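Below, each chain spelled out in residue letters.
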Amino acid sequence: MIKITELQKYYRTEEVETIALNKLSIEVKEGEFVAIMGPSGCGKSTLLNILGLLDDPDGGSYLFNNIEVADFNERKRADLRKHNIGFVFQSFNLIDELTVFENVELPLIYTGVPSSERVGRVEKVLDKMQIMHRRNHYPQQLSGGQQQRVAVARAVVNNPKLILADEPTGNLDSSNGNEVMELLTDLNEQGTTIIMVTHSEHDARYSHRIIRLLDGQTVMENIMI
Amino acid sequence: MIKNYFKIAFRNISRNLGYTFLNVFGLTLGVAACLAIFLIVLNELGYDSHNSKADRTYRVTLHALDYNANVSMGIIPTMRTYFPQLEHATQVFYQKDVNIKIGENRFAEKNLLMSDSELDKLFDYQWLAGNHNTALSDPNSVVLTESLAKKYFPHNNAMGQLINFGDKNAKVTGVIKDVPANTSLPVGMILSLNTYQDQFKRMAAHFWNIAGGSYAYIVIPQNYSIHTLEKQMPDYIKKTWGKDVGADVVMPLQPLKDVHFDQRYINNIITPTSKDTYYALIGVALLIIITACINFINLATARAIKRAKEVGVRKVLGASRPQLINQFMGEITVMVLISVLLGVGICALFLSQANAWMSIDISPDQILQPEVLSWIAAITIIVILCAGLYPAFVQSAFQPVDSFKNNSGVTSGGLTLRKGLVVMQFTISQMLIVGTLIVASQMDFFRNQDLGFNKDAVISVNMPMPEKREVFQQELTSLPGVKECSMSSGAPSYNDSWSPFSAAALGFPKNNVTEIKFIDEKYTDMFGLTMLAGQKITRKAESDTLHKVVVNETLMHDLAIQDPQKLINQRINVSGDMATVIGVVKDFQSESKHKKRRACVLEYVPRGFFNASIRLQAKNMPATIAAIGKQWHQLFPDNIFKYEFIYEHIAAMYTQEQKVYTAFQLFAGIAILIGCLGLYGLIAFAASQRTKEVGIRKVLGAPLHSIVGLFTREFALLIVIAFLIAAPLGYFIMHKWLQNFAYHISIGPSIFFVAIASSLVIAAFTTAHQTLKAALANPVKSLRSE
């Protein structure tokens, strides 16, 4: 599903050039659950941003479903993203001005799903995430665990093929964290590919494979049994 | 999708009430001010346009030594014969003041017209009663305006009632609706012209018998060129009035719609105003709207930092840039619509107040005119585009990766722009401050400085019979509240008598024009006129037929004489009679300062003493005036006692400038207030952005004043930059405005000093609350929150 080859990313200021990804090559197959680990500044989040088509690589190749997307323009990237990729963030990134229902509905609006169909799909996913009773609340009225469940609901409502999760339990206590990991595992079992950046060995154990990065390069891969 | 945009717009607005208030209130004020200006300008530029034939109507005027709006009463009757192609032509005799009697009640009214039925064909009067074709056909017929008819006959039908005009009784034969205020020919009542047929006929026999108040109007047929008529005018003058007249004069045909704006003419009923004044007001309106739009852009881009995350999330979820632009435009649209609605409401509410301040007459109904509504729609769209597009494009351009990581990339460009916009706002404010100060100084100069005579505490009273003046004068001087009293044809600032003068012996055989004032022996001292040479006017016996005159400096210069002594005992010809110059007086201001001072001749002619100038003691003036009124009623029982302070008369010469001044004060105030709202908002955001920095500085020991200085220094610099732009611009514009007047102030540095000082003070007050709040905040709290 995803094949990156010799991917490079630099960050430049006026005087310093920092290498974030140094000719990194990774392949992720459809239906895999991959965890990416490594110390701060190793390039995890940069990799996730490029995989999620939020950022451009400076060199190398990125094949998404066998299509070269490294040189896509913003419009093409946005189009591919909204139909194929869901995001879950450490800090949830819910929009404060919208209710739970409206936050989850947003991706459907942007993909042009008719309003009659949207209601059913949002309710279904809220039900699945056990957050239906909070549908009319605003994010700040929810606990962290509930907010992350809403974020997961929003990530999956469009039935994406790939979910990119950036430290999804980083702001949660262990019990809420476990619940979120269970949700991701369930989604993966239903066929969704998941790539998750994490610092937590505990969370990484939910995955099939752990890729460890250091200084923008793969230093180790562990297959989980 | 649109529903979603508006839903989010309303939520954002209601959750950020402070921000919304700053934006909406600023724009509301801006819209209200602009709408008021638009209505004022529409009203003023629309003078006389309400008449359906206005485009084809012309005033026949006279250009000989001067541009004169008055012409002989003989012009229209002869033009009717000479130019049968004219669609309509009418003579109007206008009298500013009229005393009438109905039963036992006396009324002093304004705006009496004497004309014929043709008048109605030129000016679209709306008839409430009477036949418009015949109402003015018979002698002794009078047509009243609706308000006068209601005033005189509140309970009866006005038609057929009698009104006494002193020597005549006239029957009410028609009632018309009140004429719109923006007319160059105001109407109180119209008396049939043939009521005074004999007098007018005598006056009509001579070209040069030009009565003050006599106006001639014509309407040319449709598709007829006025140039054709203009080409025939010299022939008409020669053939009708003789070759001599034809050689000396031109009779310009002045378009009716230009009457209110052509400042060359003397003897207008309403003082004309330059159109530039109204273009300047439109400029002010533009500046106000720009200021309000800048607030929108500034506050929106400042707030964009806070919304960067939202934009990032939306983009991650698949929002395209056009969708985000639409969303932001939706929010701006909602705010602009709210502001426009409130602005229109405020304008309607305060219009009556503005009317009173600016001596105009605009009703709130006028907002509903199609052209005003389309203007409101246009301004709404323009503001939405100006205020919305830039922030929408900036905000929608945020990259999700940047917006999640930090905000630094988002702010720097916006900050420079915001500073630039703040500089622009301060430039506008300071230009308006400079403008207001200069107009204020010029107004003071008009009324109080360099008049050449002492106007203080003097009232002017017109007398019906000069023969009773001696008795009246004796009675007045015996009153304890009266300081002194002088009889004349008018106080120095009153002028309505003009004559030709020449001095063949001095090498000036050709006629020039001079003002003539008939004054008594007390006049020179009472008004403090300064004699440059010779003697003052003294009393002389009625039997003394020698003309002895005092002339002013300008007349002396007209005769190319520099030394006043050299003019003493010289002979000049005034109105066809030879007179000896016995004195030269320093120029005094007899007309408005719009025009260069003109020649003036003073002479002792008691039959011309229709006016009493009375200087009152400063104490208890109302009682003195009441006592004068009592004396008046004993001497002139049939006449209403009316008086006017000279300063009021002088002020009336500058009513148009007063309007400009009031407008400047009002709208400059509004522009500054709008700018302050924006500045307050910006400082609030700057303070919230720099909370951490302030916290760290305080932990490191920064004192209060250095934190306050952190914020104020930056804005002070912006004000200084703005001043460097505003000062030359303001100087240039106002210098040009001052050129409208023959006599004006010179623009000194103090005005600019006041402008920058007041800007700094206003900005300091505006920012004080937020900067102090930031500086006094507990650093522990601010650092923790970061």
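About the cut-offs
- Residues numbered from 1 in each chain as written.
- Chains lettered and ligands numbered in written order.
- Predicted model: local features only at pLDDT ≥ 70, side-chain atom pairs only at ≥ 80, totals over all residues.
- Helix = DSSP H or I, 4+ residues; strand = E, 2+ residues; numbered from the N terminus.
- Buried ≥ 20, exposed ≤ 12 C-beta atoms within 10 Å, placed from the backbone.
- Rg over C-alpha atoms; globule rule 2.2 N^0.38 Å.
- Contact = placed C-beta atoms within 7 Å.
- Pairing = 2+ DSSP bridges.
- Axes fitted to C-alpha atoms, helices over the stretch in contact; angles between N-to-C directions.
- UniProt positions renumbered as here; feature names shortened; annotations may be inferred.
- Domains from an automatic or database assignment.

Is there a simple way to think about the overall build of chain B in this case?
For chain B, the count of helices and strands is 23 helices and 24 strands. The C-alpha extent of chain B, read off along each of the three principal axes, is 105 × 60 × 55 Å. Expressed as a percentage of its 786 residues, the buried residues of chain B come to 42%.

I would appreciate a short explanation of the overall build of chain A in the present structure.
A tally of helices and strands in chain A yields seven helices and ten strands. Its C-alpha atoms give chain A a radius of gyration of 17 Å, within 12% of the compact-globule value 17 Å for 225 residues. C-alpha extents for chain A along the principal axes are approximately 50 × 40 × 35 Å. Counting the 225 residues in chain A, one finds 48% classified as buried. Nonlocal contacts in chain A, meaning residues at least 24 apart in sequence, comprise 69% of its contacts between residues at least 6 apart.

Please clarify how the interface of chain A and chain B should be interpreted in this entry.
Buried accessible area, meaning the area lost when the parts come together, often serves as the stated size of an interface. Each side of the interface is counted separately: chain A has 16 residues, and chain B has 18 residues. Secondary-structure elements contributing two or more residues to the side of chain A that touches chain B are helix H2 (74-84) and helix H3 (100-110) of chain A.

Sorry, what's going on with the sheet that holds strand E23 (residues 611-616) of chain B here?
Remark on secondary structure: sheet strands pair via backbone hydrogen bonds, oriented parallel or antiparallel. Residues and elements named next belong to chain B. Across the sheet, which stays open at both edges, the four strands sit in the order E15-E23-E14-E24 with antiparallel pairing between neighbours. Lying at the two open borders of the sheet, with one neighbouring strand each, are strand E15 (482-488) and strand E24 (644-645). As paired strands, strand E14 (residues 458-462) and E23 are joined by five bridges and run antiparallel to one another. Residue pairing in the sheet places Ile 459 in a bridge with Ile 614 of E23. Each of E15 and E23 is contacted by helix H14 (residues 469-478), which is oriented at about 165° to E15, the strand it contacts most.

In this structure, what is going on with the UniProt feature "transmembrane region" (unreviewed entry) in chain B? I would like to understand it.
All names here are of chain B. Under the present numbering, the feature "transmembrane region" (unreviewed entry) in UniProt falls on residues 21-42, 278-300, 332-352, 372-393, 421-440, 666-688, 715-735 and 741-765. Regarding residues 21-42, the helix share stands at 100% and the strand share at 0%, and the terminal C-alpha atoms are separated by 30 Å. What you have in residues 741-765 is 68% helix and 0% strand, and the ends, taken at the C-alpha atoms, are 37 Å apart.

Help me understand the UniProt feature "domain: ABC3 transporter permease C-terminal" (unreviewed entry) in chain B in this model?
Feature annotation in UniProt assigns "domain: ABC3 transporter permease C-terminal" (unreviewed entry) to the following positions: residues 284-392 and 666-775 of chain B. Helix and strand shares over residues 666-775 of chain B are 86% and 0% respectively, and the end C-alpha atoms of the span are 35 Å apart.

For this particular structure, what's the right way to read the pairing of strand E11 (residues 214-219) of chain B?
Two faces make up the sheet, and in a regular strand the side chains alternate between them. Residue and element names in this part refer to chain B. Within E11, six of the six residues are buried, which leaves it mostly tucked inside the rest of the structure. Taking every second residue as pointing to the same face, both faces of E11 are buried, with Ser 214, Ala 216 and Ile 218 on one and Tyr 215, Tyr 217 and Val 219 on the other. Here strand E1 (residues 57-60) pairs with E11 via four bridges, running antiparallel. Directly across from Thr 57, in E11, lies its bridge partner Val 219. Where strand E4 (residues 88-102) lies against E11, six bridges are found, and the strand directions are antiparallel. Residue pairing for E11: Gln 91 is matched across the bridge by Ala 216.

Help me out: how do you make sense of the domain arrangement of chain B in this one?
Residue and element names in this part refer to chain B. We note that the domain assignment places domain 1 (2-43 + 275-446 + 655-785), domain 2 (54-259) and domain 3 (465-638) within chain B. The gap between the C-alpha centroids of domain 1 and domain 3 is 55 Å. Taken together, the five residues of domain 1 in the interface contact four residues of domain 3.

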